[in-house]
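Take a look at the letters that make up each chain.
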Amino acid sequence: QVHLVESGGGLVQPGGSLRLTCTASGSIFSINGMGWYRQAPGKQRELVATISRGGVINIAESVKSRFTISRDNTKNTVYLQMNSLKPEDTAVYYCNAEDRNFLSRIYWGQGTQVTVSS
């Protein structure tokens, strides 16, 4: 069983920045892809950004110019640097990770609230 623990969410003013952190722990075999998703009220959960173990990045067009995803493989940790935040970025942000041995399993964090408001 793998646990994903997130931190860094909270309340920020428009134009501000937040850095989200997610660390995988527990019975880990090998973490491959990691990423961030978000869900705003009245909307479906959507991809924000993903990053492979080798550093290949996929990021949503709506945030591409403002957000950056990175990871530290030695710590099984993924980061999301969010700059120039807008009210429409308000959502619950979820960390995601794939752990692989012979089986491949997907894990989700508990979600962290990001609120952008003046």
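Scroll up to find the structure.
About the thresholds
Residues numbered from 1 in each chain as written. Predicted model: local features only at pLDDT ≥ 70, side-chain atom pairs only at ≥ 80, totals over all residues. Heavy atoms only, no water. Salt bridge = Lys/Arg side-chain N within 4 Å of Asp/Glu carboxyl O. Helix = DSSP H or I, 4+ residues; strand = E, 2+ residues; numbered from the N terminus. Buried < 20%, exposed > 50% of the residue type's maximum accessible area, 1.4 Å probe, protein only. Core = buried A, V, L, I, M, F, W, Y, C linked by side-chain atoms within 4.5 Å. Pairing = 2+ DSSP bridges. Axes fitted to C-alpha atoms, helices over the stretch in contact; angles between N-to-C directions. Phe/Tyr/Trp six-rings, centres within 6.5 Å; stacked < 30°, edge-to-face > 60°. Lys NZ or Arg CZ within 6 Å of the ring centre and 35° of its normal.

Undergrad: Just give me the short version of the pattern of salt bridges, but keep the residues and values in it.
TA: Taken as a whole, this structure holds four salt bridges when the rule is applied. Residue D89 is joined to R38 by a salt bridge in which the shortest nitrogen-to-oxygen separation is 3.1 Å. Of this pair, D89 sits in the loop between β8 (77-82) and β9 (91-100) while R38 is found in strand β4 (residues 31-39), placing the two residues 51 residues apart along the sequence. R38 matches D89 in its accessibility class, with the two residues each being buried. By sharing partners, the salt bridges in this structure join R38, E46, R66 and D89 into a single network.

Undergrad: Explain the nonpolar core residue by residue, including any values.
TA: If you look at the biggest cluster of nonpolar residues, it comprises 30 residues, and the most contacted ones within it are W36, F67, L80, M82 and Y93. Secondary structure elements with two or more residues in this core: β1 (2-7), β3 (18-26), β4, β5 (46-51), β7 (67-72), β8, β9 and β11 (112-116).

Undergrad: Break down the pairing of strand β10 (residues 104-108) for me, with residues and values.
TA: The pairing of β9 with β10 spans five bridges and is antiparallel. Note on β10: the bridge partner recorded for D99 is R105. What sits between the antiparallel neighbours β9 and β10 is a turn of three residues.

Undergrad: Could you give an account of the sheet that holds β8, with specific residues and numbers?
TA: Judged by pairing direction, the sheet is antiparallel, and its four strands sit side by side in the order β1-β3-β8-β7 without closing on themselves. What marks the edges here is a single partner per strand, and that holds for β1 and β7. Across the sheet, the axes of successive neighbouring strands diverge by a mean angle of 15°, strand direction being ignored.

Undergrad: So what's going on with the packing of aromatic side chains? Which residues, and what values?
TA: Taken as a whole and judged by the stated rule, the model has one aromatic pair. With 5.1 Å between their ring centres and 65° between their planes, Y37 and W108 make a pair best called edge-to-face. A residue pair is termed long-range when its members are at least 10 positions apart, and Y37 in strand β4 and W108 in strand β10 qualify at 71 residues. For W108, a relative accessible area of 38% puts it in the partly exposed group. It is R45 that lies over the ring of Y94; its NZ or CZ is 3.7 Å from the centre.

So far we have only geometry, and geometry alone does not tell us how the molecule works.
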